[in-house]
Amino acid sequence: MHINKIRIIGLSIVILIVGLTYFAYRSVIETQGLESSLKASVKPKRHEALSYGFHVIDGQAAFAGGFIPFTGKRGLTRVKDADAETFRTFEQVFPEHHPPGELFAADKSHVFVKLVREIQILGADPATFRLLDEAGRFACDKDHVYYRAIKIEGADPGSFRRFKGDFSVDDNHAYLGHTTLPADAATFQASSPGYISNVWSGGSYHKGPYATEGWNRDANNVFFGNKRVDTIDPYTFEDLKFANYAKDAINVYWMRKIIAGADSKTFEVLGSKYLRFFPPSLEHPSGHGPFARDKNHFYSYTEIDERDGPWLHENGEATAHPHP
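Here the structure is a predicted model, which means the values were calculated and not measured.

**Looking at the overall build of the protein**
Along the protein, the regular secondary structure elements total 3 helices and 31 strands. Accessible surface computed for the protein: about 18200 Å², of which carbon and sulfur atoms make up 54%.

**As for the nonpolar core**
Core analysis: the biggest nonpolar cluster contains 36 residues, and Phe104, Leu122, Phe129, Ile152 and Phe188 have the highest contact counts within it. Among the secondary structure elements, those contributing two or more residues to this core are strand E5 (103–106), strand E6 (111–114), strand E9 (138–140), strand E10 (145–147), strand E13 (167–169) and strand E14 (174–176). Those residues in contact with isoleucine 152 that sit more than four places away from it in its chain are Phe138, Val145, Tyr146, Tyr147, Phe160, Tyr175, Gly177 and His178. Core analysis: the second largest hydrophobic core is formed by 20 residues, Trp215, Ala246, Val252 and Phe291 among them.

**Some thoughts on the sheet that holds strand E1 (residues 53–57)**
Here 3 strands make up an open sheet; going across it, the order is E1-E2-E3 and the pairing antiparallel. The two strands at the open ends of the sheet, each matched to only one other strand, are E1 and strand E3 (74–78). Averaged over all neighbouring strand pairs, the angle between strand axes comes to 40°, with direction disregarded.

**Some thoughts on the environment of isoleucine 250**
Along the chain, isoleucine 250 falls in the loop between strand E25 (245–247) and strand E26 (252–254). For isoleucine 250, a relative accessible area of 65% translates into the label exposed. For the pair isoleucine 250 and aspartate 233, spaced 17 residues apart in sequence, the C-alpha separation works out to 8.5 Å.

**Some thoughts on the sheet that holds E25**
If you trace the 4 strands from one edge of the open sheet to the other, you get E24-E25-E26-E27, paired in antiparallel fashion. Two strands in the sheet have a free side with no partner beyond their single neighbour: strand E24 (238–239) and strand E27 (257–258). Relative to E27, E26 runs antiparallel, the two being bridged by 2 bridges. Counted as the bridge partner of tyrosine 253 is isoleucine 258 from E27.

**Notes on the pattern of salt bridges**
For the structure shown, the criterion picks out 6 salt bridges. A salt bridge links arginine 228 to aspartate 230, with the shortest nitrogen-to-oxygen separation between them at 2.7 Å. Residue classification places aspartate 230 among the exposed positions, given a relative accessible area of 61%. Between glutamate 268 and arginine 293 there is a salt bridge, with its nearest N and O atoms 2.7 Å apart. Linking glutamate 268 in strand E28 (residues 268–269) with arginine 293 in strand E29 (residues 292–293), this pair joins segments that are 25 residues apart in sequence. Given a relative accessible area of 11%, arginine 293 falls into the buried group.

**As for the confidence of the model for the protein**
Looking at the protein, the pLDDT average stands at 81 and 73% of residues meet or exceed 70. In the predicted structure, residues 20–33 sits below a pLDDT of 50 and forms 17 contacts with residues beyond four places in sequence or in another chain. Under a pLDDT of 50 for its full length, residues 35–45 has, in the predicted model, 16 contacts with residues more than four places off or in other chains.

**Some thoughts on the pairing of E6**
Side chains Val111 and Val113 of E6 all project onto a buried face; the interleaved residues Phe112 and Lys114 project onto the opposite face, where all are buried too. Taking the residues that link successive antiparallel strands as the turn, the E5-E6 hairpin has 4 residues. Two successive antiparallel strands, E6 and strand E7 (residues 119–121), enclose a turn made up of 4 residues.

**A word on unusual backbone geometry**
We note that lysine 241 has phi near 60°; this positive angle belongs to a residue other than glycine. Relative to the helices and strands, lysine 241 resides in the loop between E24 and E25.

**A word on the packing of aromatic side chains**
All chains considered together, the criterion is met by 19 aromatic pairs. Aromatic pair phenylalanine 138 and tyrosine 147: ring centres 5.2 Å apart, planes at 55°, arrangement tilted. Among the residues examined, tyrosine 147 registers a relative accessible area of 0% and is labelled buried. Three or more aromatic residues link up through ring pairs in this structure, and these residues are Tyr52, Phe54, Phe63, Phe87 and Phe112. Note that arginine 74 overlies the ring of phenylalanine 67, its terminal NZ or CZ placed 4.2 Å from the centroid.

**Here we look at the environment of aspartate 263**
Positionally, aspartate 263 belongs in the loop between E27 and E28. Along the backbone, aspartate 263 and asparagine 251 are 12 residues apart, and their C-alpha atoms lie at a distance of 7.2 Å. Once you skip the residues sitting within four places of it in the chain, aspartate 263 turns out to touch Val252, Asp294 and Lys295. Among the polar contacts made by the side chain of aspartate 263, one reaches the side chain of threonine 266 at a distance of 2.6 Å.

**Brief notes about the side chain of aspartate 294**
Within the fold, aspartate 294 resides in the loop between E29 and strand E30 (298–300). Nearest to the buried, unbridged aspartate 294 among oppositely charged side chains is lysine 295, at 8.1 Å. The contacts of aspartate 294, once residues within four sequence positions are left out, are Gly261, Ala262, Asp263, Thr266, Phe267 and Tyr299.

Definitions and cut-offs
Residues numbered from 1 in each chain as written. Predicted model: local features only at pLDDT ≥ 70, side-chain atom pairs only at ≥ 80, totals over all residues. Heavy atoms only, no water. Helix = DSSP H or I, 4+ residues; strand = E, 2+ residues; numbered from the N terminus. Areas by Shrake-Rupley, 256 points an atom, 1.4 Å probe, with all protein chains shown as cover. Core = buried A, V, L, I, M, F, W, Y, C linked by side-chain atoms within 4.5 Å. Buried < 20%, exposed > 50% of the residue type's maximum accessible area, 1.4 Å probe, protein only. Contact = heavy atoms within 4.5 Å. Pairing = 2+ DSSP bridges. Axes fitted to C-alpha atoms, helices over the stretch in contact; angles between N-to-C directions. Salt bridge = Lys/Arg side-chain N within 4 Å of Asp/Glu carboxyl O. pLDDT = per-residue confidence, 0-100. Phe/Tyr/Trp six-rings, centres within 6.5 Å; stacked < 30°, edge-to-face > 60°. Lys NZ or Arg CZ within 6 Å of the ring centre and 35° of its normal. Polar contact = N/O pair within 3.5 Å; in protein donor to acceptor, adjacent residues only side chain to side chain. Lys, Arg positive; Asp, Glu negative; His and termini not counted.

Here is the structure:
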């Protein structure tokens, strides 16, 4: 049995090496094919120095992708139907430690977008196309607004404006990503950053359903993500702006769930204190303490923290240690 395990592990390693070698070979062939079609081949130093993104190389528009395994060179993909003379890129800045999102470029006839696996023509007007934020999550032309290269149906570019995260609004509707919210646009407010997941899945557009987050409201309703929370009193609602907690005069909420038994009057989030709330002897394996507390308990999400007990309340503020 031990020998069989060794054989399985060895076979898995061989398959992995063969797969990586094949991927490298395909990438090199594709890149060499592009280079050979250029008037002058991309020299190694130029090739390695290319940044991730769109470029015009020796009179042709190309996309420099990730590094090809075992070569130290970026793979190049030709941008089909692009006019190199009028080809231009957009300066995009992505959050630190986050992978780049959709990248855009344009020429006199088309707007191009680099998705996970391919380059597509967006269908936007290249003369008026522009990005609405530095990462390019939102963009527009004279007729349409786009979220992550997906048209926001019905959005008016003339009155469109962004809120926190993926929330936005125009004169007629409020939006989360490319979806329309049930909130009143005239009184819409977003108190925390909006988020919508799985818009692109495996390089293909995913039609939903989507996981959505972020507290928002209008004059008479409170929503979390794209769904109204019917039990919240909109007139005493308070977004606690940490870990998706909120409360009204009666209840405490984590996302759309009421935290059973939590005392609204004394409930507070711990903010950065949660990172090092306990002394080492009582710290959780994950390295953090609870997220919130009231006069009776400490909480992690909707549950009473497993370390909750008399020790915590007897020691009070002495248990809180500033994060280094």
